[in-house]
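One letter stands for each residue in the lines below.
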Amino acid sequence: MTNLPSMLTWDVFVAPPEPTVTDDLPPGAQQRLWSPISATLISGDRDAVLVDTLLTVGQARDLADWVGTHGKNLTSIYVTHGHGDHWFGLSVILDRFPHARAFAVPAVIEQMRQWSTPEVLASFWNSRFPGQIPDHIVLADPLPNHTIDLEGHDLVAVELGHTDTDKTTCLHVPAFGLVIAGDAAYNDVHLYLAESSQEGRRDWIAALDTIESLHPQAVIAGHKRADRYDDPGIIEETRQYIRDFDRIAQSTKTARELYEQVLALYPDRVNPGALWSSARALKP
């Protein structure tokens, strides 16, 4: 008798935009929001793997409740990249599912350390989300062979280099052509380009080319509009946004000009505050 791998399914949880504490508001805005953040659950017959664990204690608790409704044995958690909004909730998830193990590739673990030093936590995260960041920050373990086994199926970590930060990855599920892109792709949300030089933006486009070479049938963005389908067309949408930002950056002199002209091209994308951060970083 041959033991065939089980059929896999996937589901996406999206935490809504979160208010932040900051005086750096986009022109005309009364409040600054953090972009919606996604987490993905890949399930077999019995077991499941969670990708990313969100930012605040409240978001992570809601995510844990959602994972629980699926009735699966959570065996592994995968962290796509080092930005804290995609993994600070890890301790909350592990408290709820103590038999699960968290994994990331070594380069991402290095970024996790950098984004969670006491200085960065105090100056960046806790100042924006006072009282909301977990007190206990847990790092992932190195992922052996860049692969997680889920009931006979390989979930493969693919290193992408620079996207919206350095040393990012995606998780590829060849069984049904799924790519969980982390922040390499955005789905109808303004891109965060504040850490991307002109060279970095070229690297980001190259990372999108890498994802496209996997021929995915679905691509889950780390920041996405909750009700929008995970169509692989978001790869080209993200590429075009970067090209438009680059082009407009060359013909504008101030952050406000850059912000307003990109916003005019993309008036309906979620969270213009991310665009404001990008414009301010490029043209202080």
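Scroll up to find the structure this text is about.
Residues numbered from 1 in each chain as written. Predicted model: local features only at pLDDT ≥ 70, side-chain atom pairs only at ≥ 80, totals over all residues. Heavy atoms only, no water.

Points about the overall build of the chain
Thinking step 1. Each helix and strand counted, the chain has eight helices and 15 strands in total.
Thinking step 2. Relative to its length of 284 residues, the chain is compact, with a C-alpha radius of gyration of 18 Å against a globular reference of 19 Å.
Thinking step 3. A separation of at least 24 residues holds for 73% of the contacts in the chain among residues at least 6 apart in sequence.
Thinking step 4. Entry remark: accessible area of the chain is about 12300 Å², with carbon and sulfur atoms responsible for 50%.
Thinking step 5. Charged side chains of the chain number 22 positive and 38 negative; the gap between the two group centres comes to 5 Å. (Helix = DSSP H or I, 4+ residues; strand = E, 2+ residues; numbered from the N terminus. Rg over C-alpha atoms; globule rule 2.2 N^0.38 Å. Contact = heavy atoms within 4.5 Å. Areas by Shrake-Rupley, 256 points an atom, 1.4 Å probe, with all protein chains shown as cover. Lys, Arg positive; Asp, Glu negative; His and termini not counted. Charge placed at Lys NZ, Arg CZ, Asp CG, Glu CD.)

Some points on helix H8 (residues 272-282)
Thinking step 1. Along H8, the positions that sit buried rather than exposed are Gly273, Ala274, Leu275, Trp276, Ser277, Ser278 and Ala279.
Thinking step 2. Residues of H8 that are buried in the fold lie against strand S3 (32-34), helix H6 (234-251) and helix H7 (255-265). (Buried < 20%, exposed > 50% of the residue type's maximum accessible area, 1.4 Å probe, protein only.)

Remarks on the pattern of salt bridges
Pairing is possible between side chains that carry opposite charge, provided their charged atoms lie close to one another.
Thinking step 1. Within this structure, the stated rule accounts for 15 salt bridges.
Thinking step 2. Between Glu260 and Arg256 there is a salt bridge, and its shortest N-O distance comes to 2.8 Å. Residue Glu260 and its partner Arg256 are located together in helix H7, separated by four residues, close to a single helical turn.
Thinking step 3. Owing to a relative accessible area of 38%, Glu260 belongs among the partly exposed residues under this scheme.
Thinking step 4. By relative accessible area, which is 47% here, Arg256 ends up partly exposed.
Thinking step 5. Overlapping salt bridges, with partners in common, bring together Asp209, Glu212, Glu236, Arg239 and Arg243 in one network. (Salt bridge = Lys/Arg side-chain N within 4 Å of Asp/Glu carboxyl O.)

Remarks on the packing of helix H5 (residues 198-213) against H6
Thinking step 1. Here H5 crosses H6 at 165 degrees, and the two axes come no closer than 10 Å. Here H5 is positioned roughly antiparallel relative to H6, judged by the angle of their axes. Considering the relative orientation of H5 and H6, their crossing is left-handed. Residues Gln198, Arg201, Trp204, Ile205, Leu208, Asp209, Ile211 and Glu212 of H5 touch H6, and the partners they reach there are Ile235, Thr238, Arg239, Ile242, Arg243, Phe245, Asp246 and Gln250.
Thinking step 2. Of the residues assigned to the contact of H5 with H6, the class counts are seven nonpolar, three polar and six charged. (Axes fitted to C-alpha atoms, helices over the stretch in contact; angles between N-to-C directions. Parallel < 35°, antiparallel > 145°, perpendicular 65-115°, else oblique. Left-handed = near helix turned anticlockwise from the far one by under 90°. Nonpolar A, V, L, I, M, F, W, Y, C, P; charged D, E, K, R; others polar.)

Examining the sheet that holds strand S4 (residues 37-43)
Within a beta sheet, neighbouring strands are joined by backbone hydrogen bonds and run either parallel or antiparallel to one another.
Thinking step 1. On the basis of which strands lie adjacent, the open sheet formed by six strands has the order S1-S4-S5-S6-S7-S8 and mixed pairing. On the outer flanks of this sheet lie strand S1 (9-15) and strand S8 (141-142), each paired with one strand and no other.
Thinking step 2. Pairing geometry for S4 and strand S5 (residues 47-51), over four bridges, is antiparallel. Bridging from a neighbouring strand, Ser43 pairs with Ala48 of S5. (Pairing = 2+ DSSP bridges.)

Here's the deal with the environment of Leu155
Thinking step 1. Looking at where Leu155 falls in the secondary structure, it is placed in strand S10 (residues 153-161).
Thinking step 2. Considering only alpha carbons, one finds Leu155 and Leu171, 16 residues apart in sequence, at a separation of 6.5 Å.
Thinking step 3. Not counting residues up to four positions away in its chain, the partners in contact with Leu155 are Leu8, Ile42, Val49, His146, Thr147, Ile148, Leu150, Leu171, His172 and Val173.

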